[in-house]
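Observations on chain architecture
Here's the letter readout for the chains.
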Amino acid sequence: MGALLLTLVFAASLAGFCALSLAMDRHSEDVFGRGSTPGPWRRWLQLGGTALLCVSLWASLEAAGGSVGWVLWLGALTAAALATVGLLNGWPQRFHWIASAAASVAFLSLLFCL
């Protein structure tokens, strides 16, 4: 169960940061082309990204306890943020596919953990 929770921590962090970045006009244009903005999806992307980061926090506290869980969560946030920046710079055309895969892994891990 520990490895599944750790998978959930990182996948939810990565999917959360990807959703939050797609809610921004600049990153949405980088991924989907010039002139494309999130429009009515902006609030849903922000809400989903925030919810995924909260799920990541819950999973890290569940996996490692109260004191080490916060450190685990901050480490996962750092790794996910670096991965998000790397994906936006290196593979912007594949960004939404990788974000969708991370969200799917996070959702399946959450289902198996509950």
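Above this text is the structure in question.
Just so we're clear, the structure is a prediction, and the values are computed from it rather than from any experiment.

Looking only at helices and strands, the protein has four helices and zero strands in total. Mapped from its N terminus to its C terminus, the protein presents α and β elements in the order α-α-α-α. Its C-alpha radius of gyration of 14 Å places the protein within 12% of the 13 Å reference for a compact globule of 114 residues. Dimensions of the protein, computed from C-alpha atoms along their principal axes, come out at roughly 45 × 25 × 20 Å. Burial status across the protein gives 34% buried among its 114 residues. The long-range fraction of contacts in the protein, counting pairs at least 24 apart against all pairs at least 6 apart in sequence, stands at 68%. Working note: accessible area of the protein is about 6600 Å², and carbon and sulfur atoms make up 70% of it. If the 5 positive side-chain charges of the protein are averaged to one point and the 4 negative ones to another, these points end up 7 Å apart.

What follows is about helix α2 (residues 25–32). When α2 is considered as a whole, its buried residues turn out to be H27, S28 and V31. Down the axis, α2 shows its buried residues gathered within 100° of arc, on one side only. Buried residues along α2 sit in contact with α1 (2–22), α3 (42–90) and α4 (95–113).

Let's shift gears to the nonpolar core. Core analysis: the largest hydrophobic core is formed by 11 residues, namely L14, A15, C18, L22, V31, A80, L87, L88, F95, A99 and A102. Elements supplying a minimum of two residues to this core: α1, α3 and α4. In terms of residue count, α1 provides more of this core than any other element does, four residues in total. Membership of the second largest hydrophobic core comes to nine residues, among which are L8, A12, A59 and A76.

Cut-offs applied
- Residues numbered from 1 in each chain as written.
- Predicted model: local features only at pLDDT ≥ 70, side-chain atom pairs only at ≥ 80, totals over all residues.
- Heavy atoms only, no water.
- Helix = DSSP H or I, 4+ residues; strand = E, 2+ residues; numbered from the N terminus.
- Rg over C-alpha atoms; globule rule 2.2 N^0.38 Å.
- Buried < 20%, exposed > 50% of the residue type's maximum accessible area, 1.4 Å probe, protein only.
- Contact = heavy atoms within 4.5 Å.
- Areas by Shrake-Rupley, 256 points an atom, 1.4 Å probe, with all protein chains shown as cover.
- Lys, Arg positive; Asp, Glu negative; His and termini not counted.
- Charge placed at Lys NZ, Arg CZ, Asp CG, Glu CD.
- Arc of directions from axis to C-beta.
- Core = buried A, V, L, I, M, F, W, Y, C linked by side-chain atoms within 4.5 Å.

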